[in-house]
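Now for the letters of each chain:
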Amino acid sequence: MKFTDIKALASVQGPARSVSERLSRRCYSIEDMRKLAAKRLPGSVFDYIEGGGEDEASLRRNLSSFDDWSFLPKWGSVEHQTLGSTLLGGPVAMPLTLSPTGGTRLFHPDGESAVARAALAAGIPYGLAHLSTTTMEAVSAAAPGLRRWFNLEPTADKGLLQAVLDRVSNAGYEALMVNVDCRAIGHRERDYRNGFTAPPSIKPKTVIEGALHPRWALGFLANDAIAFPNLDAEIPEGPLSSTPDMWRTLLAGSYEPTDWDDIRDLRARWNGPIILKGLVNPRDAVLAAEMGIDAIQVSNHGGRQLDHMASPLDVLPEIVDKTAGRMEIIVDGGVRRGSDVIKALALGADACSIGRPYLYGLAAASQAGVTHVLDLLSAEMTRTMMLLGVSTIAELREEGRDLVRHRSEAFTPTHPTETPLAELAFAEMRTP
Ligand SMILES: Cc1cc2nc3c(=O)[nH]c(=O)nc-3n(C[C@H](O)[C@H](O)[C@H](O)COP(=O)(O)O)c2cc1C
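Residues numbered from 1 in each chain as written. Predicted model: local features only at pLDDT ≥ 70, side-chain atom pairs only at ≥ 80, totals over all residues. Heavy atoms only, no water.

Chemist: Hey, could you run me through the environment of Ser-140 in this one?
Modeler: Summarising the element assignment, Ser-140 is placed in helix 7 (residues 136–142). Each C-alpha atom of the pair Ser-140 and Gly-172 lies 7.0 Å from the other, and the pair is 32 residues apart in sequence. If near-sequence neighbours (up to four positions away) are discounted, Ser-140 is found in contact with Arg-148, Ala-171 and Tyr-173. (Helix = DSSP H or I, 4+ residues; strand = E, 2+ residues; numbered from the N terminus. Contact = heavy atoms within 4.5 Å.)

In structure tokens:
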């Protein structure tokens, strides 16, 4: 090769000009973002994001259930491709939402406001946790045009409930996401082993972890203390200082609907859409539809609550069959690829939702990190649809089950007269 040929081949990248560019060069998947978040956060804080209840069987199954489905692409033209769709009567740029996560400012001081701005820029809704570390009003102010939903921890105390609903409505939240899987707090043993509390209490281990993660420690120390300000007005004891404290207080105050009557009551009180979050039982899905609930988020809380709870994807086909289009269906738990979203939509979901993936982005690089996660998922969805041979979300949902096959369903032999290989092998063994 001549020197000029070598020179033509040489490609030296200059330094990245922005955080987004740096992320694009370094992180090609949610897994890459997960690894980056693991570097940025103290181990006990990262484990708080990662962990699940007890033996983490629900958590593992959420991830593996997507591998049970394979694609059956169809050949044909793909034109005017778009991920645009609708949810609860409004437009979404892609069939994805951001799920509520309590304690978000623990992972990056920009917390919920950064997540809200990234969701707004991506054109998708964000469900703010009742247990958020930023007030619902501040999140509204940070991203005024955002389609925002409020993740209500419902209470049986109707006076208190009405006060929260009024506040949520005044702050411009269009829908309620009502938790129905938090009667008790999941037993997350990683947190107990790590001595983790939210906010972190200062112990020798915390000091060492902070020293090893100075960027996180500085952000944590230089900003407002972690608190749960949406609850300040509601809990007479005043601001709560730790997650166990908060749960004890919430549960003692019967902060969960005791039965379906509370849901019926909520339906009568709230004029906007209601999403029930955290059910996997088809019977409950049917009850919700009968009660005029607008949508359900089929979810096992990311495997953080009841262990060995069914994976949302495993129960989705039955829920879709039994509810027969009477309400919208969002699925969360284990979505780590755009292709996971496409599988869930092919099985009848209207959208998917993510928790941990956007927290990895936030921990890695604030709003730019969340945006990078959403860009990755959007690009993966687009590519998957292109390779599957579908142009639009409507077409994907229409073709639905013809595009995916569960591993338990036998693939029809390509040639019906073909002798199965195993039989041939036996015949050979029997031939003297
Ligand atoms: C750190 C963390 C905090 C969470 N906090 C809440 C919460 O306050 N309310 C809620 O309904 N779900 C909460 N979730 C569950 C998510 O909303 C969502 O159901 C779950 O994360 C989806 O699974 P994925 O993380 O595999 O995407 C939390 C999840 C995580 C990881």
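Chemist: Explain the site of the ligand to me, please; I cannot follow it from the model alone.
Modeler: Taken together, 22 residues lie around the ligand, and Pro-100, Gly-102, Lys-277, Gly-355 and Arg-356 are the ones closest in. Between the ligand and the protein, one listed contact pairs a nitrogen atom with a backbone N or O atom of Gly-102 at 2.9 Å. Contacts to the ligand include Arg-356, whose backbone N or O atom sits 2.9 Å from an oxygen atom. Protein contacts shield 97% of the accessible area of the ligand, which totals 610 Å² for the unbound molecule. When residues of the shell around the ligand are assigned to their parent elements, the largest contribution, three residues, is made by helix 17 (residues 356–388). Here the residues of the shell around the ligand sort into six nonpolar, 11 polar and five charged. (Near = heavy atom within 4 Å. Polar contact = N/O pair within 3.5 Å; in protein donor to acceptor, adjacent residues only side chain to side chain. Areas by Shrake-Rupley, 256 points an atom, 1.4 Å probe, with all protein chains shown as cover. Nonpolar A, V, L, I, M, F, W, Y, C, P; charged D, E, K, R; others polar.)

Chemist: Looking at this model, I keep getting lost on a nonpolar patch on the surface. Mind explaining?
Modeler: Among the surface-exposed residues, Met-1, Ile-6 and Leu-9 lie close enough to one another that they form a single nonpolar patch of about 380 Å² accessible area. By the secondary structure assignment, Met-1 is in the segment before helix 1 (3–9). Accessibility expressed as a relative area gives 76% for Met-1, which makes it exposed. (Patch = residues over 30% accessible without salt bridge, like charges linked within 9 Å, V, L, I, M, F, W, Y side chains within 5 Å. Salt bridge = Lys/Arg side-chain N within 4 Å of Asp/Glu carboxyl O. Buried < 20%, exposed > 50% of the residue type's maximum accessible area, 1.4 Å probe, protein only.)

Chemist: Which parts of the structure should I look at to understand a positive patch on the surface?
Modeler: On the surface, a cluster of positive charge is contributed by Arg-22, Arg-26, Lys-39 and Arg-215. With respect to the helices and strands, Arg-215 occurs in helix 11 (residues 214–222). (Lys, Arg positive; Asp, Glu negative; His and termini not counted. Charge placed at Lys NZ, Arg CZ, Asp CG, Glu CD.)

Chemist: Would you take a moment to explain the packing of aromatic side chains for this structure?
Modeler: How two aromatic rings sit relative to each other is set out by the distance from centre to centre and by the angle between their planes. Scanning the model with the defined rule gives six aromatic pairs in all. Note on Phe-46 and Tyr-360: the rings are 6.4 Å apart at their centroids and 35° apart in plane angle, and the pair reads as tilted. Of this pair, Phe-46 sits in helix 4 (residues 43–50) while Tyr-360 sits in helix 17, placing them 314 residues apart in sequence. Tyr-360 carries the same exposure label as Phe-46, and that label is buried. Taken together, the aromatic side chains of Tyr-48, Phe-107 and Phe-196 make up a single cluster linked through ring pairs. The ring of Tyr-173 has Arg-148 sitting right over it, with the charged end atom 5.4 Å from the ring centre. (Phe/Tyr/Trp six-rings, centres within 6.5 Å; stacked < 30°, edge-to-face > 60°. Lys NZ or Arg CZ within 6 Å of the ring centre and 35° of its normal.)

Chemist: How do you make sense of the packing of helix 6 (residues 111–122) against helix 17 when you look at a structure like this?
Modeler: The angle between the axes and the distance between the axes are what describe a pair of packed helices. Relative orientation of the contacting elements helix 6 and helix 17 amounts to 15°, with a least axis distance of 8 Å. Of the possible angle classes, the one that applies to helix 6 and helix 17 is roughly parallel. Crossing angle aside, the handedness with which helix 6 passes helix 17 is left-handed. Of the residues in helix 17, those in contact with Gly-111, Ala-114, Val-115, Arg-117, Ala-118 and Ala-122 of helix 6 are Tyr-358, Leu-362, Ser-366, Gln-367, Val-370, Thr-371 and Leu-374. Residues belonging to the contact of helix 6 with helix 17 are distributed by class as follows: eight nonpolar, four polar and one charged. (Axes fitted to C-alpha atoms, helices over the stretch in contact; angles between N-to-C directions. Parallel < 35°, antiparallel > 145°, perpendicular 65-115°, else oblique. Left-handed = near helix turned anticlockwise from the far one by under 90°.)

Chemist: What should I look at first to understand unusual backbone geometry in this one?
Modeler: Comment: phi is negative for the bulk of residues other than glycine, and the bulk of peptide bonds are trans. Here the phi dihedral of Glu-56 falls at roughly 60°; this positive angle occurs in a residue that is not glycine. Within the element layout of this structure, Glu-56 appears in the loop between helix 4 and helix 5 (57–65).

Chemist: Help me out: how do you make sense of helix 6 in this one?
Modeler: Along an α-helix, residues three or four apart share an orientation, since each turn contains 3.6 residues. In this model, helix 6 (12 residues) spans 17 Å end to end at C-alpha, consistent with the 16 Å of a helix rising 1.5 Å per residue. Those residues of helix 6 that are buried lie in contact with strand 4 (96–98), strand 5 (126–129), helix 7 and helix 17. Just downstream of helix 6, Gly-123 is the residue with a positive phi angle, here 75°. (Expected span 1.5 Å × (residues − 1).)

Chemist: So what exactly am I meant to see when it comes to the pairing of strand 7 (residues 175–179) here?
Modeler: In terms of burial, strand 7 is largely enclosed, as five of its five residues are buried. Two elements, strand 6 (residues 148–152) and strand 7, share four bridges in a ladder whose sense is parallel. Within strand 7, the residue paired with Leu-152 across the bridge is Val-178. One crossover worth recording links strand 6 to the parallel strand 7 by way of helix 8 (residues 158–170), and it is right-handed. Bridge count between strand 7 and strand 8 (residues 274–279): four bridges; the pairing is parallel. Looking across to strand 8, one finds that Met-177 is bridged to Ile-275. (Pairing = 2+ DSSP bridges. Right-handed = clockwise from strand over helix to strand, strands pointing away.)

Chemist: Would you mind going over the pattern of salt bridges with me for this structure?
Modeler: What the rule picks out here adds up to 25 salt bridges. Close ionic contact of Asp-294 with Arg-267 constitutes a salt bridge, the shortest N to O distance being 2.8 Å. Taken together, the residues Asp-294 in the loop between helix 14 (282–290) and strand 9 (295–298) and Arg-267 in helix 13 (residues 260–269) connect sequence positions 27 residues apart. With relative accessibility at 29%, the residue Asp-294 sits in the partly exposed group. When salt bridges that share partners are traced, they join Glu-31, Arg-34, Lys-35 and Glu-50 into one network.

Chemist: Is there a simple way to explain the side chain of Thr-384 in this structure?
Modeler: Topologically, Thr-384 is positioned in helix 17. Classification of Thr-384 by relative accessible area gives buried; the value is 13%. Within polar-contact distance, the side chain of Thr-384 engages the backbone oxygen of Glu-380 at 2.7 Å. The contacts of Thr-384, once residues within four sequence positions are left out, are Phe-71, Ser-339 and Ile-342.

Chemist: It is not clear to me how the nonpolar core should be interpreted in this structure. Could you clarify?
Modeler: Note that soluble globular proteins tend to have their nonpolar side chains buried in a common cluster. Counting residues in hydrophobic clusters, the biggest one holds 97 residues, and the most contacted among them are Leu-96, Leu-98, Tyr-126 and Ile-296. The biggest single contributor to this core is helix 17, with 15 residues. Setting aside chain neighbours within four positions, we find Leu-96 in contact with Ile-124, Pro-125, Val-341, Ala-351, Cys-352, Ser-353, Ile-354, Leu-374, Leu-377 and Met-381. Grouped together as the second largest cluster of nonpolar side chains are 10 residues, Leu-87, Leu-88, Val-92 and Ala-295 included. (Core = buried A, V, L, I, M, F, W, Y, C linked by side-chain atoms within 4.5 Å.)

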